Amino acid sequence: MLPYLQSLDDEVDTTYLLLGSLRGSPLLALSVNAYFAQLPLLPVLGELRSLKQLQVTDNHITLYGMSSVSVPKEMSQLCSLTRLELWQQFGYCLTNGCLPSSLRSLKVRLATAALPPAIRAASQLEQLQLSHCGRSQPVDFTGLEALSGLTLLGLRNCNLTDLPWQLLALTKLVCLSLADNNFLVRGRSALAPLTQLTALRELDLSQCSIYGLPQMSTSLQVSAGTWDIELHWQW
């Protein structure tokens, strides 16, 4: 047990070596390489009841031999967790009930082309950033309309050619990223529904294929370059 440990990074495989010691420690923030998700790590993380921020990522390095990773239900035991980032090349499958009710910000690369029930049930979320590891079909956003408290939404690389209708139910949205999607087929009419989101102030269209925009509010800041979403996602 490490009673004074408050943060940990796995620069030299430290995380796995200390798994036994992590149980019961007052760890507040943890960043771990996605490789360890193939080991018995994620269930153990459920015992870190003080953890507030968790990042599981492959750090943009291709990990040969890996596949999608399932996030177990034990993760819901992280009763203090408010921010969670899950990113690896092949995406994550979220088990039903795996997200703690304390969670407010979620960033995840999906292994499937449908919004998982675990996310649809997380009505307390305020920030959600999604991407999809496949490019063959658009993501099905059925259930997104239930997340009415969202103020920030990222739908990067979700194979969108049209806006999901569920987006219009998110009336509190202030920041929206549609980066790396192809709206060229529909042109500016594809984004016309955005005029109904009156609270929207920041719109990211970087790496999007689209000609022109509909008439938008003069208070809306539109970016065609790289959107610095880190301003809203502080680790």
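Placed above this text is the structure.
Cut-offs and rules
- Residues numbered from 1 in each chain as written.
- Predicted model: local features only at pLDDT ≥ 70, side-chain atom pairs only at ≥ 80, totals over all residues.
- Heavy atoms only, no water.
- Helix = DSSP H or I, 4+ residues; strand = E, 2+ residues; numbered from the N terminus.
- Buried < 20%, exposed > 50% of the residue type's maximum accessible area, 1.4 Å probe, protein only.
- Contact = heavy atoms within 4.5 Å.
- Areas by Shrake-Rupley, 256 points an atom, 1.4 Å probe, with all protein chains shown as cover.
- Salt bridge = Lys/Arg side-chain N within 4 Å of Asp/Glu carboxyl O.
- Core = buried A, V, L, I, M, F, W, Y, C linked by side-chain atoms within 4.5 Å.
- Pairing = 2+ DSSP bridges.
- Polar contact = N/O pair within 3.5 Å; in protein donor to acceptor, adjacent residues only side chain to side chain.

Trainee: A description of the overall build of the chain should follow, citing residues and the corresponding values.
Mentor: Looking only at helices and strands, the chain features 4 helices and 12 strands. In the chain, which comprises 235 residues, the proportion classed as buried is 49%. Considering only contacts within the chain whose residues lie at least 6 apart along the sequence, 47% involve residues at least 24 apart. Carbon and sulfur atoms make up 51% of the accessible area of the chain, which totals about 11000 Å².

Trainee: Before we move on, can you summarise the pattern of salt bridges with the specific residues and values?
Mentor: Tallied over the full model, the rule gives 2 salt bridges. The closest approach of N and O atoms between Glu-85 and Lys-107, which form a salt bridge, is 4.0 Å. Taken together, the residues Glu-85 in strand S5 (residues 83-87) and Lys-107 in strand S7 (residues 105-110) connect sequence positions 22 residues apart. Of the charged contacts, one joins Arg-156 and Asp-204 as a salt bridge, the two residues approaching to 3.9 Å between their closest N and O atoms. Note that Arg-156 is positioned in strand S9 (residues 152-156) and Asp-204 in strand S11 (residues 202-204), a separation of 48 residues in sequence.

Trainee: Could you give an account of the environment of Leu-128, naming the residues involved and the relevant values?
Mentor: Following the sequence through the fold, Leu-128 ends up in strand S8 (residues 127-132). As a C-alpha pair, Leu-128 and Gly-154 span 26 residues in sequence and 6.3 Å in three-dimensional space.

Trainee: Which residues make up unusual backbone geometry, and what are the values?
Mentor: Of note in the backbone geometry, Asn-159 takes a positive phi value of approximately 60° without being a glycine. Examined against the element boundaries, Asn-159 turns out to sit in the loop between S9 and strand S10 (175-177). Under the relative-accessibility criterion, Asn-159 is labelled buried at 16%.

Trainee: An account of the environment of Leu-86 is needed here, citing residue identities and associated values.
Mentor: Of note, Leu-86 is situated in strand S5. Residues Leu-86 and Leu-130, 44 residues apart in the sequence, show an inter-C-alpha distance of 9.9 Å.

Trainee: Report on the nonpolar core, specifying residues and quantitative values.
Mentor: Within the largest apolar cluster, 52 residues are counted, with the highest numbers of intra-cluster contacts made by Ile-119, Leu-128, Leu-153 and Leu-178. Top element by residues in this core is S7. It accounts for 3 residues.

Trainee: Provide a residue-level description of the pairing of strand S3 (residues 53-57), including the pertinent values.
Mentor: Regular strands place side chains that alternate from one sheet face to the opposite one. Of all the 5 residues making up S3, 4 are buried; the element is thus mostly covered by neighbouring parts of the structure. Pairing between strand S2 (residues 29-33) and S3: 5 bridges, direction parallel. If you follow Ala-29 over to S3, its bridge partner there is Gln-53. Strand direction decides the pairing type here: S3 and S5, joined by 5 bridges, are parallel.

Trainee: Tell me about the pairing of S7, and name the residues and values.
Mentor: Counting buried positions along S7 gives 6 out of 6 residues, so the element sits mostly inside the fold. Where burial is concerned, the two faces of S7 agree: the one with Ser-105, Lys-107 and Arg-109 and the one with Leu-106, Val-108 and Leu-110 are both buried. Pairing geometry for S5 and S7, over 4 bridges, is parallel. Looking across to S7, one finds that Glu-85 is bridged to Lys-107. Summarising the sheet, S7 and S8 pair through 6 bridges and their orientation is parallel. Along S8, the bridge assignment pairs Arg-109 with Ser-131.

Trainee: I'd like a description of the side chain of Ser-102, backed by residues and values.
Mentor: Structurally, Ser-102 can be placed in the loop between strand S6 (92-94) and S7. In this structure the side chain of Ser-102 is engaged in a polar contact, spanning 2.5 Å, whose partner is the backbone oxygen of Leu-81.

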